[in-house]
Amino acid sequence: MRSAHTVEQVRAAEQALMAQLPDGTLMARAAAGLAAAVVDLLGGAYGRRVLLLVGSGDNGGDALYAGTLLARRGSAVEVVPLGSTVHEAGLAALRAVGGRVVATGEAARPDVVVDGIVGIGGRPGLRDDAAAELARHEGVPVVAVDVPSGVSVDDGRVDGPHVRADVTVTFGTHKVAHLVDPAATACGAVLLVDIGLELPTAPVTALQPDDVAALLPRPRGADHKYTRGVVGIRTGTAYPGAGLLSVAGAATGLVGMVRYAGPDAVFEQVRLVHPEVVAATGRVQAWVVGSGGGEAAGADLASALRDDIPVVVDADALAHLPAEPPVPLVLTPHAGELARMLGVERDEVEARQLEHARAAAERWNAVCLLKGRHTLVAAPGGDVRVTTTGVPWLATAGAGDVLAGLVGALLAAGLAPYDAASVGSWLHGAAATYASDGGRAPITALDVARSVPAVIRTL
Ligand SMILES: NC(=O)C1=CN([C@@H]2O[C@H](COP(=O)(O)OP(=O)(O)OC[C@H]3O[C@@H](n4cnc5c(N)ncnc54)[C@H](O)[C@@H]3O)[C@@H](O)[C@H]2O)[C@@H](O)CC1
Ligand SMILES: [K+]
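Just so it is clear, the model here is predicted, and its values are computed rather than measured.

Parameters and conventions
Residues numbered from 1 in each chain as written. Chains lettered and ligands numbered in written order. Predicted model: local features only at pLDDT ≥ 70, side-chain atom pairs only at ≥ 80, totals over all residues. Near = placed C-beta within 6 Å. Helix = DSSP H or I, 4+ residues; strand = E, 2+ residues; numbered from the N terminus. Nonpolar A, V, L, I, M, F, W, Y, C, P; charged D, E, K, R; others polar. Expected span 1.5 Å × (residues − 1). Buried ≥ 20, exposed ≤ 12 C-beta atoms within 10 Å, placed from the backbone. Pairing = 2+ DSSP bridges. Contact = placed C-beta atoms within 7 Å. Axes fitted to C-alpha atoms, helices over the stretch in contact; angles between N-to-C directions. Parallel < 35°, antiparallel > 145°, perpendicular 65-115°, else oblique. Left-handed = near helix turned anticlockwise from the far one by under 90°.

Draft legend 1. Quick look at the site of ligand 1. Around ligand 1, a shell composed of 26 residues is seen, among which Gly-57, Asp-58, Asn-59, Gly-119 and Gly-121 lie nearest. Mapped by element, the contributors of at least two residues to the shell around ligand 1 are helix 1 (7-18), helix 2 (25-42) and helix 3 (58-72). Considering only residue class, the shell around ligand 1 consists of 10 nonpolar, 10 polar and six charged.

In structure tokens form, the structure reads like this:
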């Protein structure tokens, strides 16, 4: 599991550890990891020009000590101080090995910019001098210290100017901004340097392959098709293609049986593609409703809610949620749908994804899966799992229908709603990566569904 802790949790862990260690130990660990990442990026240190943008806090201190290590290995290091003060000991160390302080606008063109403007102590946004200095070095690779300066660390918002990093080197644990968009996009590749912190449970996490493998339903020797779970699909009334795709997501072999409960005419088409799918005449353990449902989606949802089983509520059905759902739900909106559900603008949802996914989870006491580059799966109570699998090619029509079917299958197989949604989303992204050959080729929604078994084989 990748864990993203809050600033408060990190500060408490740092204090506890610092009390046991000689002064400066943690910063030295952080700086060593940072310098190593810069060397990796540049392919060496000797003769490289390194520019440190340094604010007034310890984030600047990390940058100064890393610069000291780089200067010792032959880099030409310049510092532009951007705060009211500067980490004095760090600056003295750098100067002692030939580092130079230059005024804003006076640095030579560097090979890399190290962003030590602010870290976890920063307020969102950048001061004008910092923004102007960054703009001067457009096109130069940027390594952010701990977080890209200017982003909102605990919720992933970016309300003003901020650094866009190629690499972010963080310490002790991930922070929420490393996982949650739009800030996560500004991080580039995130490298974690272990500085020895002991941390509590994190509110925001990201499943890793081992976690998914441990959660996946697997048939045991005595299982038959009914004990493995049966998922019911009531989708596609207005748009039959969506019905076919939600069935495709459900029919990847993770449950014993898929029953289709949409219109007969759509069922005929479903059977041509998926001959194993049967009519919805018997019990199911979870329903999927809404995908391509059009005006029938409200009635489809009402009908599903009468059975005492979990329901995946997708697309058109999201407009018909009861105030107090009688059964466990997984809601699967994209930003526009979530905006309508909460009565806000789409831009607001996109800018504050964590806040809005959590708000929907609370409002409907349900798991809310907000689709995006990094999909968020929020549980009532505030825990959130972020999906970091996937490729941009996954932004394709019908991909959401496949996801709804996949999550429904996992629910029917017995996973709890939070697990079903996060594992389904992880598999969906990984299947897209697989189908697109690591992002090299375009894909269709059906390719994603068909690649799920291949992904499971790698687990
Ligand atoms: N505390 C620790 O044990 C460790 C801290 N480390 C580093 O220390 C950082 C935290 O340091 P600090 O708590 O000193 O805080 P920061 O260095 O993140 O920033 C706080 C300083 O920046 C100013 N500031 C805040 N927002 C600003 C903005 N938008 N524009 C310009 N200036 C702004 C504040 O007035 C304050 O002086 C971490 O992110 C990490 O890089 C590491 O060295 C690892 C160990
Ligand atoms: K920074």
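Draft legend 2. How the structure looks around helix 16 (residues 417-435). In this model, helix 16 (19 residues) spans 26 Å end to end at C-alpha, consistent with the 27 Å of a helix rising 1.5 Å per residue. Of all 19 residues that make up helix 16, 18 are buried, and the element is covered over most of its length. Positioned one or two residues after helix 16, Asp-437 has a phi angle of 55 degrees, which is positive.

Draft legend 3. Structural context of the sheet that holds strand 17 (residues 367-370). The 12 strands lie next to each other as 8-1-10-19-18-17-16-15-14-11-12-13, forming an open sheet whose pairing is mixed. Whereas interior strands pair on both sides, the edge strands pair on one side only; in this sheet they are strand 8 (174-175) and strand 13 (278-279). Where strand 11 (residues 230-234) meets strand 12 (residues 257-260), four bridges bridge the pair, whose relative direction is parallel. Directly across from Ile-233, in strand 12, lies its bridge partner Tyr-260. Packing against the sheet, helix 9 (residues 240-250) makes contact with strand 11, strand 12 and strand 14 (286-289), and its axis sits at approximately 170 degrees to strand 11.

Draft legend 4. Summary view of the pairing of strand 2 (residues 49-54). Where burial is concerned, most of strand 2 is hidden: five out of the six residues are buried. Two strands pair when backbone bridges link them, and strand 2 and strand 3 (residues 76-81) are joined in this way by six bridges, in the parallel orientation. Bridge pairing in strand 3 places Val-54 opposite Pro-81. Note: strand 2 against strand 5 (residues 112-116), five bridges, orientation parallel. Pairing of Leu-51 across the sheet is with Val-113, part of strand 5.

Draft legend 5. How the structure looks around the sheet that holds strand 4 (residues 100-101). Pairing is parallel in the open sheet, where seven strands are placed in the order 4-3-2-5-6-7-9. One side of each edge strand has no neighbouring strand; the edge strands of this open sheet are strand 4 and strand 9 (189-193). As paired strands, strand 5 and strand 6 (residues 142-145) are joined by three bridges and run parallel to one another. Paired with Asp-115 across the bridge in strand 6 is Ala-144. Here helix 2 sits on the sheet and contacts strand 2, strand 5, strand 6, strand 7 (167-171) and strand 9; the angle it forms with strand 7, its principal contact strand, is near 160 degrees. In the packing of helix 3 onto the sheet, the strands contacted are strand 2, strand 3, strand 5 and strand 6, and the crossing angle to strand 2 comes to about 165 degrees.

Draft legend 6. Up close: the packing of helix 3 against helix 4 (residues 88-96). Remark: helix 3 packs on helix 4, axes separated minimally by 8 Å, with the N-to-C direction vectors making an angle of 15 degrees. Relative to helix 4, the element helix 3 is oriented roughly parallel. Here the hand of the crossing between helix 3 and helix 4 comes out left-handed. Residues Gly-61, Leu-64, Tyr-65, Gly-67, Thr-68 and Ala-71 of helix 3 form the contact with helix 4, whose participating residues are Gly-90, Leu-91, Ala-93 and Leu-94. Class assignment for the residues of the contact of helix 3 with helix 4 results in six nonpolar, four polar and no charged.

Draft legend 7. Geometry of the packing of helix 15 (residues 399-412) against helix 16. Closest axis-to-axis distance for the helix 15/helix 16 pair is 8 Å, and the angle between their directions is 135 degrees. It follows from the interaxial angle that helix 15 and helix 16 lie oblique. The chirality of how helix 15 crosses helix 16 is right-handed. Taking contact as the criterion, the partners of Val-402, Leu-403, Leu-406, Val-407, Leu-410 and Leu-411 in helix 15 are, on helix 16, Pro-417, Ala-420, Ala-421, Val-423, Gly-424, Ser-425, Leu-427 and His-428. A per-class count over the contact of helix 15 with helix 16 returns 11 nonpolar, three polar and no charged.

Draft legend 8. Highlighting unusual backbone geometry. Cis peptide bonds are those with omega within 30 degrees of zero, and the linkage from Asp-181 to Pro-182 qualifies with 5 degrees. Its location among the elements puts Pro-182 in the loop between helix 6 (176-179) and helix 7 (183-187). Of note in this structure, Ala-315 is not a glycine but carries a positive phi near 45 degrees. Counting through the fold element by element, Ala-315 comes out in the loop between strand 15 (311-314) and strand 16 (329-332).

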